[in-house]
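Tertiary structure, described
Letter by letter, the chains look like this.
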Amino acid sequence: MYRIVERRQLVPDTHLLVVEAPHVARKVQAGQFIILRPHDEGERIPLSVADWDRDAGTVTSVFLEAGASTMQLAKLQPGDTLPTYMGPLGTVAEVERVGTVVCCGGCYGIGALLPIVRAHKEAGNEVICILEAHSSWLLYWVDRHREVADQVHVVTSDGSAGDKGLSFDILQQRFDAGQPIDAIHAIGCTFMMERNSLAALAKQTPIRITLNPVMVDGTGMCGGCRCVVNGERKFACVDGPEFDGREVDWTALVERRKSYRAQEIASLQQYESRGFLGSSAAVETLGERDE
Amino acid sequence: MSETARPKGGVDLQRRDMPTQDAAARVHNFEEVALGYTVELAMAEARRCLDCKRPNCVTGCPVSVNIPGFIRELAAGNLEGARAAIRETNLLPAVCGRVCPQEHQCEALCNLNKRGASVAIGRLERFVADWCALHEVVGAQTAPAEPVAASGKSVGIVGSGPAGLACASDLLKQGHAVTIYEALDEPGGVLIYGIPEFRLPKDIVRREIGEIRRMGAQIICDFLVGRTATLAELREEHDALFIATGAGLPWFLDIPGEDLVGVMSANEYLTRVNLLRAYDKRANTPVPKPRRVAVIGAGNVAMDAARTAKRLGAREVSIVYRRSRAEAPARHEELEHAEEEGIRFQFLTQPVEYLGNDEGRLTALRCRRMELGEPDERGRPRPVEVADSEFDIPVDLAILAIGQSPNPMIKDTTPEIEVSRRGTLVVEPETLATNLPGVFAGGDAVTGQATVILAMGAGRTAAAGIAAWLSQAT
Ligand code: FES
């Protein structure tokens, strides 16, 4: 049993979750994730790790409330316990001293990006953060990024905070202005990661992205998280979740995710922004069409 | 001594059948198919045992259960004694009695088998374990006559499946401290996530694992060795390690369309149903509820997946296998149960492509007919394609049960450990020692996919190897 230290809403439908899990806190590094279950009968939910405290033995995630399981998670209070909290899982973010690094985060990825930004700073890189949201009221942790990064750009689709547009637009502007970018990290919805990857590909700049496919065990046992990278089958839970965005077969990935779309989800944008959590309702509808 | 147990006046050649749930009823529930012997049936069956001077049956058992010994006690009406006799070498009798392929092991070597009527050893083993559980015979018979002094040594076991549990029990009996590390949230490995409820009720697995806990094993779940701690870190905590991580990397066919929604590995399907209790209405694990299912492969895992799909309400379930029924690797009993439950069989059929609709969902399996040709290197007839024989099987869900290789996590995170080209860990056959000092390995992680009982046998071999190593190390 793992005790919840803190659970609160950061912005509407986006929650912070701090759990006492010394076995994870001891070892976790930027780019990794955990799998938890909200209660004994609940399904396994993968969440990116957004922060940790090795001394206190706690691990922090940011999650989006989107579907039955994350709604149950969002109801839990400090002092409640989780029956499963497994990790750290996945590979560690690839961080080297390269020069200037652009880190893009959106949605739950604004939280998950923070350890990556920190790791890049520790490696001695100049770090430019681009945080994107639909609107100003969906932004969080801008200050925390400012504390670490050299520059922070905020961009919203409606222009209510920072520049109007997407992280892709800022990235493109920098490329166009001929400013140096030695590496990119992007974490957020598939759409954002795909667009930024295509921009990076055009400029032959390395880009690391974090995939968020359907997962069950998180140990490489089921193959539910499979994706195609550089023409090869990879299991995102053990070979990733971080990959070179230029090598990901985005068409296959987007197709696969799109078809998991559940009836009640209104728009692709909303669905995509469910991040790691997008599996459940969708699988239920499998096979329940054509009649 | 127990002369009375011997059959009097000739040999009884009537092997007692075990009652089963009716096929029409059982396809609608997840309750166990085989119901087990009644006391009367068990006694009658036990009395058929000839108590041979040279019991060949024992040599057929990978963990050398004292078969004539336990049957003698049973026939004499001493159920507790029978249980104790089994548990000298086998800590999971209720599990083994259910899932071991006895027809290829002990029962194949039973002297009565020459006359087509081997003693139903597996059913008797199951009966003894179940009867004792029902009557709450625990502990007393498990504890060694004199408690062994603690050795002061500790062994870490990676994986809580059959190999890990068997190793743990032998080490505990010798006074070593044992910690088992399990990646998932419940111990048992394939016994929990792989074999379905109707073939091996999870309560039975829990009960038998409970006994290992009572013997003193510490089991730590949600701990993925390689990530939560590396093998090297664990090695510092323990005097020796045993790697029993099983064969969990599912194979895919590598044919077009494999990424369509509706194509999944049997591991994914069975894990969703078993570990995540999708068969239980209270659990909210999403499991696809398809109408038409094709399961590719014809081993026990394929039968489990097909029969599970049927119970979850699929209207049509087919097994697609490229060879014929005679070559199907599943146990005969499993094949028969599947047939009784209305699973269709498409033998001599090879899938060549998955077809999908424009939403990326699977709609059909394109197959080719095969015929049997020359034997391959293992002596099995090689399937050869029949020209122009393509046809489509309409399906919503295709489940791949074509085998698996060892999970690469340990090898990927422990570069110094020696592995074969197949990805299996390389060990010294006698002791199961790897190339790393004090690190042993066994079960499917070493052999590739095999059976529960072979893994348990490996666990016991490793326990002996580890015990010897620990005594040298002092
Ligand atoms: S989640 Fe099962 S293999 Fe990745």
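Residues numbered from 1 in each chain as written. Chains lettered and ligands numbered in written order. Predicted model: local features only at pLDDT ≥ 70, side-chain atom pairs only at ≥ 80, totals over all residues. Heavy atoms only, no water.

As for the overall build of chain A
The criterion, for reference: Only runs of H or I of at least four residues qualify as helices and only runs of E of at least two qualify as strands under DSSP, and these elements are numbered from the N terminus. Accessible area is worked out with a 1.4 Å probe on protein chains only. A residue is then buried under 20% of its type maximum, exposed over 50%, and partly exposed in between. In this description, contact between two residues means that some pair of their heavy atoms is separated by no more than 4.5 Å.
Counting its secondary structure elements, chain A contains 10 helices and 17 strands. Looking at the 291 residues of chain A, the share that counts as buried comes to 62%. Across chain A, contacts joining residues at least 24 apart in sequence account for 64% of those joining residues at least 6 apart.

Considerations on the overall build of chain B
Note the cut-off: The reference for a compact globule is 2.2 Å times residues^0.38; the radius of gyration itself is calculated from the C-alpha atoms. Computed by Shrake-Rupley with a 1.4 Å probe, the accessible areas treat only the displayed protein chains as cover when residues are assessed. Here the positive residues are Lys and Arg and the negative ones are Asp and Glu; neither His nor the chain ends is included. Every charge is mapped onto a representative atom, which is NZ of Lys, CZ of Arg, CG of Asp or CD of Glu.
Regarding its fold elements, chain B presents 18 helices and 16 strands. By the compact-globule yardstick of 23 Å for 474 residues, chain B fits well, its C-alpha radius of gyration being 23 Å. The dimensions of chain B, computed from C-alpha atoms along their principal axes, are 70 × 60 × 50 Å. A total of 474 residues make up chain B; the buried ones form 60% of that total. Relative to all contacts within chain B whose residues are 6 or more apart in sequence, the contacts with residues 24 or more apart total 71%. Surface summary for chain B: the accessible area is close to 19000 Å², and the carbon and sulfur share equals 50%. When the 54 positive and 63 negative side-chain charges of chain B are each reduced to one mean point, those points stand 4 Å apart.

Describing the environment of A:Leu139
All names here are of chain A. Assignment of secondary structure puts Leu139 in the loop between β10 (126-133) and α4 (142-148). The exposure class assigned to Leu139 is buried, which follows from its relative accessible area of 15%. A C-alpha to C-alpha distance of 8.7 Å links Leu139 and Ala161, two positions 22 residues apart in sequence.

Here we look at the sheet that holds strand β4 (residues 240-243) of chain B
Residues and elements named next belong to chain B. The line we're drawing: Paired strands, as defined in this entry, are two strands with at least two bridges between them according to DSSP. Every axis corresponds to a line fitted to the C-alpha atoms, with the helix fit spanning only the stretch in contact, and the corresponding angles, defined between N-to-C directions, vary from 0 to 180 degrees.
Across the sheet, which stays open at both edges, the 5 strands sit in the order β3-β2-β1-β4-β16 with parallel pairing between neighbours. The outermost strands of the open sheet, each flanked by one partner alone, are β3 (218-220) and β16 (439-441). Taken pair by pair, the neighbouring strands of this sheet meet at an average axis angle of 20 degrees, ignoring direction. The pairing of strand β1 (residues 154-158) with strand β2 (residues 177-181) spans 5 bridges and is parallel. The residue of β2 that forms the bridge with Val155 is Val178.

What to know about the confidence of the model for chain B
Residues and elements named next belong to chain B. The following threshold applies: A residue's pLDDT is the predictor's confidence in that residue, given on a scale from 0 to 100.
Predicted confidence across chain B gives a mean pLDDT of 87, with 93% of residues reaching 70 or more. Note that pLDDT drops below 50 for residues 1-5; the model gives that stretch 4 contacts with residues more than four away or on any other chain. Two numbers describe this predicted complex: its pTM, 0.86, and its ipTM, 0.83.

Focus on the sheet that holds strand β11 (residues 151-156) of chain A
Residues and elements named next belong to chain A. Strands sit in the order β12-β11-β10-β9-β13-β14-β17 across an open sheet of 7 strands; the sheet is mixed. If you trace the sheet from one side to the other, it starts and ends with β12 (163-164) and β17 (242-244), each paired once. As defined by bridge partners, strand β13 (residues 183-187) adjoins strand β14 (residues 207-210) across 3 bridges and the pair is classed as parallel. Looking at β14, one finds that Ala186 is bridged to Ile209. Helix-sheet contacts for helix α5 (residues 167-176) involve β9 (100-106), β10, β11, β12 and β13, and the interaxial angle to β10 is about 145 degrees.

Brief notes about the confidence of the model for chain A
As a note on interpretation, predicted positions should not be read in detail where pLDDT is low. All names here are of chain A. This prediction gives chain A a mean pLDDT of 85; 87% of its residues lie at or above 70. When mean pLDDT is compared element by element in chain A, strand β5 (residues 51-53) scores highest at 97, while helix α9 (residues 268-272) scores lowest at 31. Throughout residues 261-291 the model reports pLDDT below 50, and contacts reaching past four residues in sequence, or to other chains, amount to 78 contacts.

Section: the packing of helix α14 (residues 300-311) of chain B against helix α15 (residues 332-340) of chain B
Residue and element names in this part refer to chain B. This is how it is decided: Relative orientations are named as follows: roughly parallel for angles under 35 degrees, roughly antiparallel for angles over 145 degrees, roughly perpendicular for angles from 65 to 115 degrees, and oblique for any other angle. Left-handed describes a crossing whose near helix is turned anticlockwise from the far helix by less than a right angle; the clockwise case is right-handed. Throughout, the ten residues Ala, Val, Leu, Ile, Met, Phe, Trp, Tyr, Cys and Pro are labelled nonpolar, Asp, Glu, Lys and Arg are labelled charged, and all others, Gly among them, are labelled polar.
The interhelical angle for the contact between α14 and α15, taken along N-to-C directions, is 25 degrees, at an axis separation of 10 Å. The angle between α14 and α15 places the two elements in the roughly parallel class. Between α14 and α15 the crossing geometry is left-handed. Where α14 abuts α15, its residues Asn300, Met303 and Arg307 lie against Glu334, Leu335, His337 and Ala338. Tallied by class, residues from the contact of α14 with α15 come to 3 nonpolar, 2 polar and 2 charged.

As for the domain arrangement of chain B
Residue and element names in this part refer to chain B. Threshold: For every domain, the bounds stem from an assignment made automatically or drawn from a database. Two parts placed together each lose some accessible area under a 1.4 Å probe, and adding up what both lose gives the buried area. Only one rule defines a salt bridge in this text: a Lys or Arg side-chain nitrogen within 4 Å of an Asp or Glu carboxyl oxygen. Here a polar contact is recorded for every N or O atom pair within 3.5 Å, except that within protein the pair must consist of a potential hydrogen donor and a potential acceptor, and residues adjacent in sequence are included only if both atoms are side-chain atoms.
According to the domain assignment, chain B contains domain 1 (3-137), domain 2 (154-248 + 405-472) and domain 3 (252-402). With 13 residues of domain 1 at the contact, the number on the domain 3 side is 12 residues. Where domain 1 abuts domain 3, roughly 1100 Å² becomes buried across the two surfaces, and 53% of that area is made up of carbon and sulfur atoms. The largest share of the area that domain 1 buries against domain 3 comes from Arg26, Val27 and Phe30, three residues that together contribute 54% of it. Taken together, domain 1 and domain 3 are joined by 3 salt bridges. Linking domain 1 with domain 3 are 8 residue pairs in polar contact (both at pLDDT 80 or more). Residue assignment for the side of domain 1 that touches domain 3 shows that the elements contributing at least two residues are α1 (23-26) and α6 (93-99). Split into classes, the residues belonging to the side of domain 1 that touches domain 3 amount to 7 nonpolar, 3 polar and 3 charged.

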